[in-house]
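Fold and geometry: a report
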Amino acid sequence: MDEQISPYGKNPIGNTGKVRIRHLQEMKERGKKWTMLTSYDMYTATIFEEAGIPVLLVGDSAANNVFGYDSSLPVTVDELLPLVRAVTRSTKRSLVIADLPFGSYQGSPEECFHTAARFMKEGGAHAVKLEGGREMLPQVKKLASSGIPVMAHIGFTPQAEHQLGGYRVQGKEDEGRQLVELAKAFETAGAFALLIEMVPAAVGAAITKAVNIPTVGIGAGNGCDAQVLVWQDMAGLRQGSLPRFVKQYANMNALLHKAAADFAAEVEGGTFPGNEHSF
């Protein structure tokens, strides 16, 4: 199955079949960087896979990028599951990771297992991601021992924004050393990778050096093994104030605005549909 030939040729991992967790581990060992993007629908999933993005994250960031919530806190398992299904149905090679939303896993390792199992069974996810500190080590151990690959999210954890006092850089001074130790603990507990958000670049690099599992940075500097962005940020669909760590590679907002305005103008002017669009 891993050797199934794709019409798109080899992906950045270096194979033509499905991206597996072992491939990400091999990438770290070879010192080769890779990318992850969020995706919440069939079109972006297909486009990103064709573009060579090896890992897609169906993030709880769908809360404020799809559903219109002010933060990631309100989104539910039942809201995210259809998005996970859309992405997994639309891809053949990319590794698809599903976020566990706030309130669906913190209660106990057993609650965490049942939530993660739903994303695997009903959503077709290949792995899950959860946020937190040492209090989440039992949850990671439970998932890893149950055959569910889990990525741990450390540094700034958006689901704890109220506890952390808002969107603030984490890991300064002594907290940096504590994050390195936390990363090691998650590796020992069985996490296959770490997502590191909004920490000083030196801390991101130190964590990456201290652990044997891959690290994915978002606002954690260039020393991480991989980088992730929310696709609406990366492609310029989202406008207004953006985090410092975001780089926009296109202006999709302007492109879609122009397309919609041109469509409206042609309909109002009576030029669409023309003869070539009529039966």
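Residues numbered from 1 in each chain as written. Predicted model: local features only at pLDDT ≥ 70, side-chain atom pairs only at ≥ 80, totals over all residues. Heavy atoms only, no water.

In plain terms, the rule: UniProt positions are given in the numbering used here, feature names are shortened, and annotations may be inferred rather than shown by experiment.
If you look the protein chain up in an unreviewed UniProt entry, it shows as 3-methyl-2-oxobutanoate hydroxymethyltransferase from Thalassolituus maritimus. According to UniProt, the comment filed for the protein chain under the heading Subcellular location (unreviewed entry) is "Cytoplasm". The UniProt entry for the protein chain carries the following text under Sequence similarities (unreviewed entry): "Belongs to the PanB family."

1. Brief notes about the overall build of the protein chain
Quick note on the threshold: Each helix is a run of H or I in the DSSP string that is no shorter than four residues. Each strand is a run of E no shorter than two, and both are numbered from the N terminus. Between the two quantities, the radius of gyration covers C-alpha atoms and the globule rule is 2.2 Å times the number of residues to the power 0.38. Note on classification: 1.4 Å probe, protein chains only; a residue is buried when its accessible area is under 20% of the maximum for its type, exposed when over 50%, partly exposed between these limits. Every residue pair with non-hydrogen atoms within 4.5 Å of one another is taken to be in contact.
Scanning the protein chain from N- to C-terminus turns up eleven helices and eight strands. For the protein chain, the C-alpha radius of gyration of 20 Å lies close to 19 Å, the compact-globule estimate for 279 residues. Each of the three principal axes of the protein chain carries a C-alpha extent, and together these read 65 × 45 × 35 Å. When the 279 residues of the protein chain are sorted by exposure, 49% land in the buried category. Sequence-distant contacts, at least 24 apart, represent 56% of the contacts inside the protein chain between residues at least 6 apart.

2. A word on the confidence of the model for the protein chain
Inclusion rule: Per-residue confidence from the predictor is reported as pLDDT, a score between 0 and 100.
Mean pLDDT over the protein chain works out to 93, with 94% of the residues at or above the 70 mark. Long-range and interchain partners of residues 1–9, a stretch whose pLDDT sits below 50, account for 20 contacts in this model, where long-range means more than four residues apart.

3. Some details on the pattern of salt bridges
Going by this rule: By convention in these notes, a salt bridge is any Lys or Arg side-chain nitrogen within 4 Å of a carboxyl oxygen on Asp or Glu.
As enumerated under the stated definition, the model contains nine salt bridges in all. One salt bridge connects R238 with D233, and the closest N-O pair in it is separated by 3.2 Å. Each of D78, R118 and E122 takes part in a single network of salt bridges with overlapping partners.

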